[in-house]
Amino acid sequence: MSMATLINPAIPSSPSRRFSIPLTNPNSHFVKAPSLLRCVRKNGEINGLSRTPPPMDNGGEDDAETSLEESSNVELESKNNEIWRLFKEAQQNILYLNKQRVKAVDELNKAKREKQLLLNKIEQLEKENKRVSGKDNLVVCWELLLRIDSMVLGGMVSTEEASKLRRMVIDSKVSLVDVFSGLLQQRDAELLTELRHFSEGSKRKGYHVIHICTEMEPLISVGPLAPYITGLSRALQRKGHLVEVILPKYASLDLDEVQGLREIEADSYSFFNGQLHGNRIWTGVVRGIGVTFIQPLYFSSFFNRDGIYEHPDDFERFTYFSRASLDYIAKSGKQPDVLHLHNWETAIVGPLFWDIFAKQGLGNTRILLTCQGFDSQCLDEPDKLALCGLDPGRLHRPDRFQDTTKTHLVNILKGGVVYSNKVIVMSSMHSKGRIIHSMSHGLEPTLTMHKEKLLVAPYGFDNSTWDPSTDKFLPVNYSTENMRGKYACKVALQQQAGIATHASSILVGCIISEVSGFDLEKLKAVVRNATREGAQFVFLGNGSVSTTYRALRSFQEAVEDSNVKFFYNYDEALSHLVFAGSDIILCHSFHDPLLQVPLKALRYGAAPVSEASGDNHLRYSSDHDHEITRFSQFMRSTFGVMSLSQALDEMKNNPSTWKTKILNAMKKDFSWDSECYETHVSAYTAVKSL
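Residues numbered from 1 in each chain as written. Predicted model: local features only at pLDDT ≥ 70, side-chain atom pairs only at ≥ 80, totals over all residues. Heavy atoms only, no water.

The name given to the chain in an unreviewed UniProt entry is starch synthase, with Gossypium hirsutum as the source organism. In its Catalytic activity (unreviewed entry) section, the UniProt record describing the chain reads: "[(1->4)-alpha-D-glucosyl](n) + ADP-alpha-D-glucose = [(1->4)-alpha-D-glucosyl](n+1) + ADP + H(+)". (UniProt positions renumbered as here; feature names shortened; annotations may be inferred.)

Spelled out as C-alpha cells, the structure:
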C-alpha cells in the first residue's frame, strides 16, 4: 500500500479494497485532513499533530457540529488505525515469508552442494578402491601371470616351469584373491615358493590370445582400433578365454588407468638393424586385461612424440616394436594359442613369426590379422625388411610382399595377409564381396587369392555402460518391459534443449563428432522438411574440433528454428540423454566404428535413420553375396532402407507397427559379446585346427 493511499483513503489501492472514504461530502462540512490519519511515534506524539482540534466558541450549534466532527474523526481514525494495523501485519507476514523463502533456497542449495560433494567423494573412493584394493580374481590372476613373466626374464624359473605355473594360475579353482592378494607385495622368490604349492590344476578350456597392437582404450585412442581391442578382449575374458595386450610405451599413455604398474627388473633385448638393443618392460592390468609395455632405450624417440601415426619413420618405429614384442614373448616362455595382429603396423609379425620364431618353442601358435580397413598399407623399400631380420630377396615377390602396382616396393599389409592363418575385416555393414572388389585399395588380387581365409566381423559396443535399464546418467531408467521411462527421458531432453514438451512431437537426435561425414546442405533440407511436419531436433557436436564448431554455427544460423537446438560441446551425460530421449537418431552412416551411434540408438529404443535415403551400401550386390553380418541383415530389413520422411510418416500413421519394431530392436544384442565375439572365436578355432 502506497503512502498516497494511506494519506488519501478515497484512492483505492486495488479493486478489492474494503475501505473507501470520499474526499468531500456535499452534505457535510469540510473535514480537515490533518485529523484524518495520525501515525503514533515512539514518543507518543502523533505525527507532530495535536489530537484535539483548536478551541472554537461558536455557540451550541458550533458545539454540536464540533461534537459531530469529533465523532466522525474518531470513527475515521479508528478505521485508519485498523488499516495501518493490517498493513503492518501484512508487511511482517511478507518479510517473514521472504526470510523463509531465502532460508529454504539456501538450505536447498546447501543440500545440493552436500549431495554433489558426497557423490564426488563416493566416485573418488570407488576409483581409489579399484586402484588400490579392489582387486577381483581377474586382476590378481593377471598380476600373478605378469610376475611369472618377470621371473622368467630374470632367470628364476625355466620356460617349462613358467608354462606350468601359468596354467595353474589360469585353471586354479581356489580363490586367488584370498590366497595371493596379500602376497603380491612380496619378493619374487617368496611369491614363487607360494606359487609352487599350487601344482595341480584342471584343463584349460579357453584360448590364450596375445594382441600385438598400437592402441587400446582408455590408454591411447586415435581411431576405432582402441575401443575394439578393449571391447573384444573383455568379451573374450568374460567367456573364459585369457587375453593380454602388448603396446608401445608411448609418452602420452594415460597411466592412471593402469593397476599395478611396475617395471620388470630384468634385461630385455631385441634385434634391430644388425644388433641387439635394450628395452624396458612394464606390466600392469587395464580393465581386467594384462598389458605389457615395451619402451626402447636406444631408440627412445620412437614413441616419445606428439601423435602416434603419420611420422616419416613409421615403418622403422612399428617394425622395431613388432620384433621386440616377439623377442619378449619368446624369452618369457609364453605359448599363446593365437598371436592377434592389427593393421599394417604389426602385420610384419606374420613373416617374422614363421621365418624366425615358430622354431623357438612357438610351434603350436597361430597368426590372425585384423584389418580396420585397407586404406592404409605402408609401402617402402624392400631392403628395409632386413632391419628386423627378414630376407628382402625372398619376400620381394608377387605372391608375398611385392606391391601389385608399384612393383619396386614392398607392401607391408599385403605381406601380413599372406602370412596370416586367418584375416578378419572389421565392417558392420559391408559384405565380403563388396570389401574385396570395391574397398580393397589395390589389394583385390591378394584378397581374391586368399578369399577363404577372410572373415567379416561387425563392431560392437559396451552394453554394461550403454544400457537404459541401468544407465546412471538417465533421470528415469527403462527397458522393453517398462517403457514409461523413455517418455520421461524425452521430456527431460526437451526441457534441457529449451524446446516445447509436446508428447506428440517426434524428437530427432543427431551426434556429430566430425562434419566430414555429413552433407550439410542436404542435411539442412532434411531438417527444414521435417520441422514443417512438426519434428524437433537436438544436435550434439564436438566443440573441441574447430571445423565442427564453425560448421554447426553456420548450420544453426541457416536453419533458425525454435524446434532445433544445438549443443556445441560434447558432454557424456547429455549424449546418453540424447539416445534415451530421441525417437529417431539421424546417422551419417550405419558403419560407425568409432562412436557406434547406430548400435547405441537401437539399444535405447531410438530408430537409426540415414541422412541420405537409398543408401547403396544396403542393397545386395548383383552376385547375391550374402556374406554379411547379422547387424547388416537386420538394418536392411528395418530402419536401414528408410528416409527420415518415411520414418516420420510410419511413426504417425502406423504407431503400433513402429512400436513393435522399436521393441524388437531393443531386444537384439549387437554388443561386443555377441556376433563380434562369435566371429573371432570361430576364427581362433579354425586357425588352431590347422
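Let's talk about the overall build of the chain
Within the chain, the secondary structure is distributed over 23 helices and 17 strands. In the chain, which comprises 690 residues, the share counted as buried stands at 49%. By sequence separation, contacts in the chain at least 24 residues apart represent 73% of the contacts at least 6 residues apart. Surface exposure of the chain reaches about 33600 Å², of which carbon and sulfur atoms provide 50%. (Helix = DSSP H or I, 4+ residues; strand = E, 2+ residues; numbered from the N terminus. Buried < 20%, exposed > 50% of the residue type's maximum accessible area, 1.4 Å probe, protein only. Contact = heavy atoms within 4.5 Å. Areas by Shrake-Rupley, 256 points an atom, 1.4 Å probe, with all protein chains shown as cover.)

Remarks on the environment of Val476
Within the element layout of this structure, Val476 appears in the loop between β12 (454-457) and α15 (484-497). In this structure, the C-alpha to C-alpha distance between Val476 and Ala492, residues 16 residues apart in sequence, is 9.5 Å. Non-local contacts of Val476, meaning those with residues more than four positions away in its chain, are made with Gly485, Ala488 and Cys489.

Describing the pattern of salt bridges
Applying the stated criterion across every chain, the model contains 22 salt bridges. Across the pair Arg85 and Glu82 runs a salt bridge whose closest N-O atoms are separated by 2.6 Å. Of this pair, Arg85 and Glu82 both sit in helix α2 (residues 59-133), three residues apart, which is roughly one turn of that helix. A relative accessible area of 30% places Glu82 in the partly exposed class. The network of salt bridges with common partners includes Glu82, Arg85 and Glu89. (Salt bridge = Lys/Arg side-chain N within 4 Å of Asp/Glu carboxyl O.)

Some thoughts on the sheet that holds strand β13 (residues 507-511)
The strands making up a sheet associate through backbone hydrogen bonding, with each pair oriented either parallel or antiparallel. Pairing within the open sheet is parallel, and its five strands lie in the order β15-β14-β13-β16-β17. Each having just a single partner strand, β15 (564-567) and β17 (607-610) make up the two edges of the open sheet. Taken over all neighbouring pairs, the strand axes of this sheet differ in orientation by 25° on average, direction set aside. Pairing between strand β16 (residues 584-587) and β17: four bridges, direction parallel. Across the sheet, residue Leu586 finds its bridge partner in β17, namely Val609. Sheet strands touched by helix α16 (residues 520-532): β14 (536-540), β15 and β16. Its angle to β14, the strand with the most contacts, is close to 145°. Here helix α18 (residues 572-581) sits on the sheet and contacts β13, β14, β15 and β16; the angle it forms with β13, its principal contact strand, is near 145°. (Pairing = 2+ DSSP bridges. Axes fitted to C-alpha atoms, helices over the stretch in contact; angles between N-to-C directions.)

Here's the deal with helix α7 (residues 225-238)
Between its first and last C-alpha, α7 extends 20 Å over 14 residues, near the 20 Å set by a 1.5 Å rise per residue. Among the 14 residues of α7, 12 are classified as buried, and the element is accordingly described as predominantly covered. Turning to α7, its buried residues are Leu225, Ala226, Pro227, Tyr228, Ile229, Thr230, Gly231, Leu232, Ser233, Ala235, Leu236 and Gln237. Positioned one or two residues after α7, Gly240 has a phi angle of 100°, which is positive. (Expected span 1.5 Å × (residues − 1).)

With respect to the packing of α15 against α18
Describing two packed helices takes the angle between their axes plus the distance from one axis to the other. As a packed pair, α15 and α18 sit with axes 8 Å apart at the nearest point and diverge in direction by 125°. With respect to α18, the axis of α15 lies oblique. Crossing angle aside, the handedness with which α15 passes α18 is left-handed. Of the residues in α18, those in contact with Lys486, Cys489, Lys490, Ala492, Leu493 and Gln496 of α15 are Leu574, Leu577, Val578, Phe579, Ala580 and Gly581. (Parallel < 35°, antiparallel > 145°, perpendicular 65-115°, else oblique. Left-handed = near helix turned anticlockwise from the far one by under 90°.)

Here's the deal with the packing of aromatic side chains
Taken as a whole and assessed by the stated rule, the structure comprises 28 aromatic pairs. Measuring from ring centre to ring centre gives 6.3 Å for Tyr207 and Tyr684, while their planes differ by 70°; the resulting arrangement is edge-to-face. Taken together, the positions of Tyr207 in the loop between α6 (188-196) and β1 (208-212) and Tyr684 in helix α23 (residues 672-688) put the pair 477 residues apart, joining distant regions of the chain. For the pair Tyr207 and Tyr684, one class covers both residues: buried. Geometrically, the ring pair formed by Tyr298 and Phe299 is edge-to-face, given 4.9 Å between the ring centres and 90° between the ring planes. Taken together through their ring pairs, the aromatic side chains of Tyr250, Phe272, Tyr298, Phe299, Phe302, Phe303, Tyr309, Phe318, Tyr320, Phe321 and Trp344 make up a single cluster. Across from the ring centre of Trp282, 4.9 Å away, lies the NZ or CZ of Lys249, which sits over that ring. Lys565 extends its terminal NZ or CZ atom over the ring of Phe567, reaching a point 5.4 Å from the ring centre. (Phe/Tyr/Trp six-rings, centres within 6.5 Å; stacked < 30°, edge-to-face > 60°. Lys NZ or Arg CZ within 6 Å of the ring centre and 35° of its normal.)

Description of the nonpolar core
Met216, Leu339, Leu385 and Ile412 are the most contacted members of the largest nonpolar core, which has 94 residues in total. Other than its neighbours up to four places away in sequence, Met216 contacts Ala226, Ile229, Thr230, Val245, Leu247, Val286, Ile289 and Val291. Counting residues in each nonpolar core, the second largest holds 66 residues, with Val597, Met635, Phe639 and Trp658 among its members. (Core = buried A, V, L, I, M, F, W, Y, C linked by side-chain atoms within 4.5 Å.)

Details of unusual backbone geometry
With an omega of 5°, the peptide bond between Glu217 and Pro218 qualifies as cis. You can see Pro218 is positioned in the loop between β1 and α7. The backbone phi angle of Cys378 is positive, close to 65°, even though this residue is not glycine. Counting through the fold element by element, Cys378 comes out in the loop between β8 (366-371) and β9 (379-380). Of note, Glu560 is a non-glycine position whose phi angle comes to about 50°, a positive value.

Looking at the packing of α7 against α23
The N-to-C vectors of α7 and α23 enclose an angle of 80°; their axes lie 10 Å apart at closest approach. Relative to α23, α7 is oriented roughly perpendicular. Counting all contacts with α7, which are made through Pro227, Tyr228, Gly231, Leu232, Ala235, Leu236 and Arg238, the residues of α23 involved are Trp672, Asp673, Cys676, Tyr677, His680, Val681 and Tyr684. Tallied by class, residues from the contact of α7 with α23 come to 10 nonpolar, two polar and two charged. (Nonpolar A, V, L, I, M, F, W, Y, C, P; charged D, E, K, R; others polar.)

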